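A structural walkthrough
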Amino acid sequence: TQKSVPSSCTKMADDEAGPAEISEDGPLDVPSLEARVPPEWQSKMSTRALSNVSSIEAPELANSCSQIIEAKVKADADGEAPATLAGFAWPWLEAQHGSFKLAEAAAASMVSGVESSWQLQPCVRLFGELCGMLTDEYSQPVERRVLGLLRDGEEGSGGAALVPLSAVASTLLGEGDAGTVAMAQAVAALPRLQLPAERLQALEAELQALASGDAVRLDAILLAAVTACRAAVEDEPEEMPEEMSAEQQEAAAQAAAEAATAAAPPAPAEVVSTEAEAEEAEEAEGE
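Attention here is on the structure that accompanies the text. (Residues numbered from 1 in each chain as written. Predicted model: local features only at pLDDT ≥ 70, side-chain atom pairs only at ≥ 80, totals over all residues. Heavy atoms only, no water.)

Thoughts on the packing of helix α5 (residues 85-97) against helix α6 (residues 100-117)
Test applied: Angles shown run from 0 to 180 degrees and are taken between the N-to-C directions of axes, each axis being a line fitted to C-alpha atoms and, for helices, limited to the stretch in contact. The numbering of helices and of strands both runs from the N terminus, where a helix is a DSSP run of H or I of at least 4 residues and a strand a run of E of at least 2. Should an angle lie under 35 degrees it is considered roughly parallel, over 145 roughly antiparallel, and from 65 to 115 roughly perpendicular; all remaining angles are considered oblique. Handedness of each helix crossing follows the sense of rotation of the near helix against the far helix: counterclockwise by less than a right angle gives left-handed, clockwise gives right-handed. Residue contacts are counted whenever heavy atoms from the two residues lie within 4.5 Å of one another.
With their axes 8 Å apart at the nearest point, α5 and α6 run at an angle of 120 degrees to one another. Relative to α6, the element α5 is oriented oblique. Note on packing geometry: the crossing formed by α5 with α6 is right-handed. Where α5 approaches α6, its residues W90, L93, E94 and H97 are matched on the opposing element by F100, L102, A103, E104, A106, A107 and M110.

See below:
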């Protein structure tokens with residue numbers, strides 16, 4: 001079951017009706033709300049932390065969301081073991097706050113803040129969407145493709161990252177030109193999203209509409225990419241495997257051939273008769 005954090009309206013209603021009974025073991029009995037607690041946090045976060053959540057100011061929340069996204073992209077670029085954004089965020093919060101309990105409180109505040117501020121702060125909405133807190137649950141292909149725009153692409157797959165790794169957070173938070181990238185650069189990177197041609201064209205048209213002159217905001221690019229990738233993944237639930245190397249292709253072909261040979265029924269033994277054998281058989285019959 002998924003835990004949700006009570007909104008201020010829910011807390012006010014609870015206060016008027018009397019103190020709610022809080023259990024550390026069972027789920028808190030609160031109405032289902034839009035912001036969901038990521039599955040990676042549910043096993044760590046107590047219902048008490050969710051019910052006693054402290055408010056977090058929108059600028060502070062936006063800063064944390066942007067820094068976590070930047071740190072995740074850097075970790076991916078360094079070849080660290082892949083993790084979901086939410087799974088990466090928890091140890092990041094522990095490192096920032098120095099203890100598990102403080103990280104738990106910070107994570108609860110983030111869920112509450114995403115619920116209340118996602119419409120006000122684009123980078124907060126981006127974080128919530130990629131973690132599965134908001135409109136749709138977490139999707140690994142969506143996160144991988146969208147955050148891939150923030151890393152240098154392989155040769156022939158879309159070129160350089162939209163912004164330098166060290167400037168992801170500052171660009172997401174930036175005002176005016178500080179929050180934008182060149183439209184031409186954004187369009188060049190779009191093939192990295194692995195979208196069908198018609199969706200790619202629609203996304204490019206959307207970015208053109210969002211652009212101011214020859215630049216477009218980084219947060220707008222990434223949010224539009226989330227929507228486009230999510231729709232594409234829903235259309236094609238089985239993600240196409242990544243292109244295999246020549247060695248992998250040869251190994252796969254050999255394995256398929258061996259499997260086919262093992263599965264095939266044994267061929268019937270061929271009976272070969274010689275003239276001598278035929279004569280012996282006739283003599284035996286005559287006797």
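Some thoughts on the packing of aromatic side chains
To keep things clear, this is the line we draw: When two rings of Phe, Tyr or Trp (its six-membered ring) have centres within 6.5 Å they constitute a pair, described as stacked for plane angles under 30 degrees, edge-to-face for angles over 60, and tilted for the intermediate range. Partly exposed describes any residue whose relative accessible area lies between the buried limit of under 20% and the exposed limit of over 50%, with all areas from a 1.4 Å probe on protein chains only and scaled to the type maximum. Think of it as a cone above the ring: NZ of Lys or CZ of Arg counts as a charge over the ring if it is within 6 Å of the ring centre and within 35 degrees of the ring normal.
In the structure shown here, the tally under the stated rule is two aromatic pairs. Judged by centre distance (5.5 Å) and plane angle (50 degrees), the ring pair of W90 and F100 falls under tilted. You can see W90 sitting in helix α5 and its partner F100 sitting in helix α6, a full 10 residues away along the chain. Taking relative accessible area as the criterion, W90 reaches 2% and is therefore assigned buried. Residue F100 is classed as partly exposed on the basis of its relative accessible area, which comes to 35%. Aromatic rings pair up to connect W41, W90 and F100 into one cluster. Above the face of the W90 ring, K44 is positioned so that its terminal group lies 5.8 Å from the ring centre.

Examining empty space enclosed by the protein
We count it as follows: Residues are called lining when one of their atoms sits within 4 Å of a cavity or pocket point, these points coming from a 1 Å grid over the protein atoms alone, where a cavity is a set in which a 1.4 Å probe fits but cannot get out and a pocket is an open set with protein on both sides within 12 Å along at least five of seven lines. Grid points are joined across faces, edges and corners, and a volume is the space filled by probe spheres set on the points.
Scanning the model with the defined rule gives one cavity of 30 Å³ or more in all. The computed volume of the largest cavity comes to approximately 30 Å³. Taken together, E129, L130, E137, Y138, S139, V142, E143 and R230 form the lining of the largest cavity. If you list the elements that add at least two residues to the lining of the largest cavity, you get α7 (122-131) and α8 (140-148).

Re the pattern of salt bridges
For side chains of opposite charge, pairing can occur when their charged atoms come near one another. To keep things clear, this is the line we draw: Any carboxyl oxygen of Asp or Glu within 4 Å of a side-chain nitrogen of Lys or Arg constitutes a salt bridge here.
Using the criterion set out here, one finds nine salt bridges in the structure. The salt bridge partner of E129 is R125, with a shortest N-O separation of 3.7 Å. Of this pair, E129 and R125 are both found in helix α7, four residues apart, which corresponds to roughly one turn of the helix. Overall, E129 belongs to the buried group, its relative accessible area being 4%. Using a relative accessible area of 30% as the deciding quantity, one classes R125 as partly exposed. Note that D219 and R217 form a salt bridge whose closest N and O atoms lie 2.9 Å from each other. Assessed through its relative accessible area of 4%, D219 is described here as buried. Connected via shared salt-bridge partners are K72, D76, E143 and R151.

Coordinates in, geometry out; function isn't part of it.
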